[in-house]
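# Notes for the structure review
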Amino acid sequence: MRRTGLLFMWWALLFFKVWAEASDGEAVFIREFTLSRHDDFPDDSQNEGPGSHKSEDSSSRTARSEEDRETLWDAWGVWSECSRTCGGGASYSLRRCLSSKACEGQNIKYRTCSNVDCPPESGDFRAQQCSAHADVHYQGHYYEWLPVDNDPENPCALKCRAKGTDLVVELAPKVLDGTRCYTESLDMCISGACQIVGCDHELGSTAKEDNCGICNGDGSSCRLVRGHYKSQHASGKTEDTVIVIPYGSRHVRLVLKGPDHLYLESKTLQGAKGELSLDGTKQYILENTTIDFQKLSDKEVLRITGPLEADFTVKVHYASGVDSVVQFIFYQPIVHRWRETDFFPCSVTCGGGYQLTSAECFDLRSNRMVVDQYCHYYPENVKPKPKLQECNMDPCPASDGYKQIMPYDLYHPLPRWESSPWTACSMSCGGGVQSRSVSCVEEDMQGNITPTDEWKCLYASKTSIVQPCNTFDCPTWLAQEWSPCTVTCGQGLRYRVVLCIDHRGLHAGGCNPTTKPHIKEECLVPVPCYKPLEKLPVEAKPPWFKQAIELEEDTAVSEEPTFIRGAWGPCSRTCGAGTQRRTVKCQVLLSFSQTVADLPDDECEAQKPAESQPCYRSPCPGVRTEQESERVRSVVLEREELHDWEYEGFTECSETCGGGE
């Protein structure tokens, strides 16, 4: 009786507590009562006899406890409004624990929202939060606050710097939900903690963009472009173009080293033009594209994350007579891609026929078809093969007795213009023309191509048969300063280096040899020479003369097959007569890819330079044989004929006194 009374009192207290805390009282009470009655107060039959609990199946108890754990939670609530209207924010959903005990798991979950770019004029979200404290006194002063980005210790605290000072203050322990943890990352702060966000805008996702900006891409939709530019003040220009970076490019970085200055010009796809002067270190906006620019004492650095919203032309303003060097790197999108068409109409209306697909070259910027040659420019582009399928397999009506053939212009493939490769350019520089033949062809169902009448292709415009080529300036000779005279008195020689400079400012071949300025001339030092004959000055061979000779003999790779000589290797022997070798290759510059290709020797018209020559460093210690001595003498004689000057002295003076020559 006493045990029954205690049980009744416990049930009454449990009912009152659950009824007071729950909104759906009766259902919760029944569930709590059932669970408590079953788990905490087993009936007397379960207590009868030792070991009665051991008979319960442990696996069913585990499954039941997991199910009970979920039933202790109410359903998830509706998602809250997004913390931001653009630029990526956060929304949350809540659920309520229905148990008087602690529920396992979280009562809140988050997701990203408003994953659209904000207008450039809206500014940075963290900067907006800092500026909101501008009307609040801090230590008796008002400050204009600027954001402190990329804090490695606590990226989700609102740290701001007072403009014009070194004062950095944490104005709030948490930034607003949806604030980026770091400027170059999608990770966002939620409830004061940095949460990983993938490029698919999912919390906890590890998806990453490739260099082309494609989420989980393989990098095949763009190409890496890198190079350098050297200014040419001697040309007389006041400015020059460094590089044109096309629309859609990403991860742009340029570094100018020297006294010149960078500036930008833009041209949108609609033809609107703009320009931007880069005056100092700050962030600029041009055609909805953010540009980070740094102006340092000895260089200028330009960075654009992209994608570019227009074609950008990078130019330099010449500032002084000292040349500058610009290094650049960016990822350029492949804007022309093959696109597979739908199946064309069936070749017959009944009785069984075929239909195929085709592939057309598509300009991603203008969203229109272009001629196939644009897609052929990119080796990465592989034209899809046509697909073939049967069609109209129903038998033809008996009354007809034949297959009704579709009109000719509905056949696939349609007759098309086909062009031959372009001929070689008529000029290697300075502007020439090249031509090709264009004919109308048709392709049968087996893929055989045959010429046909031109009128069948008039549904499409005929491609051009002539175009300009090699419009860049021809290489020109550029002479350096003269060296000092090779003697300190009387008559001697002076030398200078003469380079062949192409339109890129690089030392290359291709200049007219008949117009080359001379590299050596006589010079007269107006100081009389009063020395014995055996001590008369001998013509010197200073290092810059060796440089002039080497540049004279150097041959750069060009678009014509040319023998390119490598440097001489070491002598095969450290003493006595030996042999030294070098590589001589027939090479050509591929103008489109700007890469060098090796060719068979018979492709170069000139005579192949020698790949080996005798050499002699010093006599070997000990006694030489007569044969070795003769070999050394021949090597020395040959080297003197090739490389050494022989001094023959001056003629007799034209006068015995009073000055002569």
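From a predicted model like this one, the values you see are computed outputs, not experimental measurements. (Residues numbered from 1 in each chain as written. Predicted model: local features only at pLDDT ≥ 70, side-chain atom pairs only at ≥ 80, totals over all residues. Heavy atoms only, no water.)

### Points about the sheet that holds strand 25 (residues 438–443)
The strands making up a sheet are joined through hydrogen bonds of the backbone, oriented either antiparallel or parallel. Read across the open sheet, the three strands follow the order 23-25-26; overall the sheet is antiparallel. Two strands bound the open sheet, and with one partner strand each, they are strand 23 (416–419) and strand 26 (449–451). For this sheet, the mean inter-axis angle between neighbouring strands, taken without regard to orientation, is 50°. Here strand 23 runs beside strand 25; their pairing, made up of four bridges, is antiparallel. Residue pairing across strands places Glu-418 opposite Ser-439, the latter belonging to strand 25. (Pairing = 2+ DSSP bridges. Helix = DSSP H or I, 4+ residues; strand = E, 2+ residues; numbered from the N terminus. Axes fitted to C-alpha atoms, helices over the stretch in contact; angles between N-to-C directions.)

### Let's talk about the packing of aromatic side chains
Counted according to the given criterion, the structure contains three aromatic pairs. With a centroid separation of 5.8 Å and 85° between ring planes, the pair formed by Tyr-138 and Trp-145 is classed as edge-to-face. The exposure class assigned to Tyr-138 is partly exposed, which follows from its relative accessible area of 24%. By relative accessible area, Trp-145 is classed as buried at 3%. Positioned above the aromatic ring of Trp-73, the side-chain terminus of Arg-95 is 4.2 Å from the ring centre. Here the basic side chain of Arg-339 rests over the ring of Phe-362, its NZ or CZ set 3.8 Å away from the ring centre. (Phe/Tyr/Trp six-rings, centres within 6.5 Å; stacked < 30°, edge-to-face > 60°. Buried < 20%, exposed > 50% of the residue type's maximum accessible area, 1.4 Å probe, protein only. Lys NZ or Arg CZ within 6 Å of the ring centre and 35° of its normal.)

### Topic: the environment of Asp-117
One can find Asp-117 in the loop between strand 2 (108–113) and helix 5 (125–131). A relative accessible area of 74% places Asp-117 in the exposed class. Residues Asp-117 and Cys-86, spaced 31 residues apart in sequence, show a C-alpha to C-alpha distance of 5.9 Å.

### Quick word on the nonpolar core
Counting 27 residues, the largest nonpolar core has Leu-254, Leu-264, Ile-291 and Leu-302 as its most contacted members. With residues up to four places along the chain from it excluded, the contact list for Leu-254 reads Ile-243, Ile-245, Glu-300, Val-301, Leu-302, Val-314, Val-326, Gln-327 and Phe-328. Within the second largest apolar cluster, 11 residues are counted, among which are Cys-156, Leu-158, Ala-162 and Ala-172. (Core = buried A, V, L, I, M, F, W, Y, C linked by side-chain atoms within 4.5 Å. Contact = heavy atoms within 4.5 Å.)

### Description of the pattern of salt bridges
Overall, the coordinates contain 14 salt bridges when judged by the stated rule. Note that Arg-339 and Glu-360 form a salt bridge whose closest N and O atoms lie 3.0 Å from each other. Linking Arg-339 in strand 18 (residues 336–340) with Glu-360 in strand 20 (residues 359–363), this pair joins segments that are 21 residues apart in sequence. Judged by relative accessible area, which is 36%, Arg-339 ranks as partly exposed. You can call Glu-360 buried: its relative accessible area is 15%. (Salt bridge = Lys/Arg side-chain N within 4 Å of Asp/Glu carboxyl O.)

### Some thoughts on the state of the cysteines
The full count for this structure, using the stated rule, is 17 disulfides. The disulfide partner of Cys-199 is Cys-215, and the gap between their sulfur atoms is 1.9 Å. Taking the sign of the torsion about the S-S bond as the criterion, the disulfide between Cys-199 and Cys-215, at about 75°, is right-handed. Pair noted here: Cys-199 is in the loop between strand 7 (193–195) and strand 8 (222–230) and Cys-215 is in the loop between strand 7 and strand 8, with a separation of 16 residues, a long-range link. (Disulfide = S-S within 2.5 Å.)

### Thoughts on the pairing of strand 24 (residues 432–435)
Side chains Gly-432 and Gln-434 project from strand 24 onto a buried face, and the interleaved Val-433 and Ser-435 project onto a face without burial. Two elements, strand 24 and strand 27 (residues 466–469), share four bridges in a ladder whose sense is antiparallel. The partner of Val-433 across the bridge, within strand 27, is Pro-468.

### Topic: empty space enclosed by the protein
Scanning the model with the defined rule gives one cavity of 30 Å³ or more in all. Considering only enclosed or pocket space, the largest cavity measures out at about 40 Å³ in volume. What lines the largest cavity is simply Gly-87, Gly-88, Asn-115, Arg-180, Leu-186, Met-188, Val-197 and His-201. Of the residues assigned to the lining of the largest cavity, the class counts are three nonpolar, four polar and one charged. (1 Å grid on protein atoms, 1.4 Å probe; cavity = no way out; pocket = protein on both sides within 12 Å on 5 of 7 lines; lining within 4 Å. Points joined across faces, edges and corners; volume = space filled by probe spheres on them. Nonpolar A, V, L, I, M, F, W, Y, C, P; charged D, E, K, R; others polar.)

### A short note on unusual backbone geometry
Here the residue pair Gly-306 and Pro-307 is connected by a cis peptide bond, since its omega of 5° sits within 30 degrees of zero. Looking at the secondary structure, you find Pro-307 in the loop between strand 15 (299–304) and strand 16 (311–317). In this model, Gln-139 sits at a positive phi of 55°, which is unusual for a non-glycine residue. Mapped onto the elements of the fold, Gln-139 is located in the loop between helix 5 and strand 3 (145–147). Using a relative accessible area of 60% as the deciding quantity, one classes Gln-139 as exposed. For Glu-287, which is not a glycine, the phi torsion comes out positive at approximately 50°. Its location among the elements puts Glu-287 in the loop between strand 13 (282–286) and strand 14 (289–295). Judged by relative accessible area, Glu-287 falls into the partly exposed class, the value being 28%.

Any link to function would need more than the numbers given here.
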